[in-house]
Amino acid sequence: MFLHIGGDLVLPFRSIISIHDIRIFSDASNRAYLEQMKKDGKLIQLRDRDKEPKAAVITDDAVYLSAISSLTLKRRAGFIDDTDDKYVKEEPIQ
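Remember, predicted model here, so these are calculated numbers, not experimental data.

Go over the sheet that holds strand S6 (residues 63–66), please, and point to the residues and values.
Note on sheets: strands pair through backbone hydrogen bonds, and any given pair is parallel or antiparallel. Pairing in this open sheet of 4 strands is mixed, and the strands run S3-S5-S6-S4 from one edge to the other. Sheet topology places strand S3 (16–21) and strand S4 (43–45) at the edges, where each strand pairs with a single neighbour. Shown here is a sheet whose adjacent strand axes are inclined to one another by a mean of 20°, direction ignored. In terms of strand pairing, strand S5 (residues 55–59) meets S6 through 4 bridges, oriented antiparallel. From the neighbouring strand, Val57 faces S6, where its bridge partner is Tyr64. Docked against the sheet, helix H2 (residues 70–77) engages S3, S5 and S6, running at close to 145° with respect to S3.

Below, the structure is given as structure tokens:
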């Protein structure tokens, strides 16, 4: 199975380690991880109509920044049931 994460990119499920809201990378240690991935050439920001990234998809070989929300990506992947109300409410980015 494959997951469309934005732009023209689909990833095989077997390569996806985790999907995160981009806000978790405001923490210093998490931001340092992204900076290291960028130095290593493993940070890929998808070009999706010039939108800001909303999610980070961590795979076994790179980190992809997607303009699609992490909640939407998780639903596409089947990680969250659409009827599970506790995950439906997203907090606004501040």
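Moving on from the model shown.
I'd like a rundown of the nonpolar core, residues and numbers included.
The biggest cluster of nonpolar side chains holds 13 residues, and the ones touching the most others in it are Ile5, Val57, Tyr64 and Leu73. If you list the elements that add at least two residues to this core, you get strand S1 (2–6), S3, S5 and H2. Excluding anything up to four places from it in sequence, Val57 contacts Ile5, Leu11, Ile16, Ser18, Ile19, Ala62, Val63, Tyr64 and Leu73. Within the second largest apolar cluster, 8 residues are counted, among which are Ile22, Phe25, Val63 and Leu65.

Rules used in this analysis
- Residue positions are given per chain, counted from 1 along the sequence in the order it is written.
- Only residues with pLDDT of at least 70 get local features here, since the model is predicted, and only at 80 or more are side-chain atom pairs given and counted; chain-wide, interface and lining totals rely on the full set of residues.
- To get the side-chain values, take all heavy atoms of the structure and skip hydrogens and water.
- Note: two strands are recorded as paired if DSSP finds a minimum of 2 bridges between them.
- Going along the chain from the N terminus, every DSSP run of H or I of four or more residues is numbered as a helix, and every run of E of two or more is numbered as a strand.
- Angles here are taken between N-to-C directions and fall from 0 to 180 degrees, while the axes themselves are lines fitted to C-alpha atoms, restricted in helices to the stretch in contact.
- Two residues qualify as a contact provided that any one of their heavy atoms is within 4.5 Å of a heavy atom in the partner residue.
- Nine residue types can take part in a nonpolar core, namely buried Ala, Val, Leu, Ile, Met, Phe, Trp, Tyr and Cys, and a core is a set of them joined through side-chain atoms within 4.5 Å.
- The buried label applies to any residue whose accessible area, calculated with a 1.4 Å probe on protein chains only, is under 20% of its type's maximum; exposed applies above 50%, and partly exposed to all values in between.

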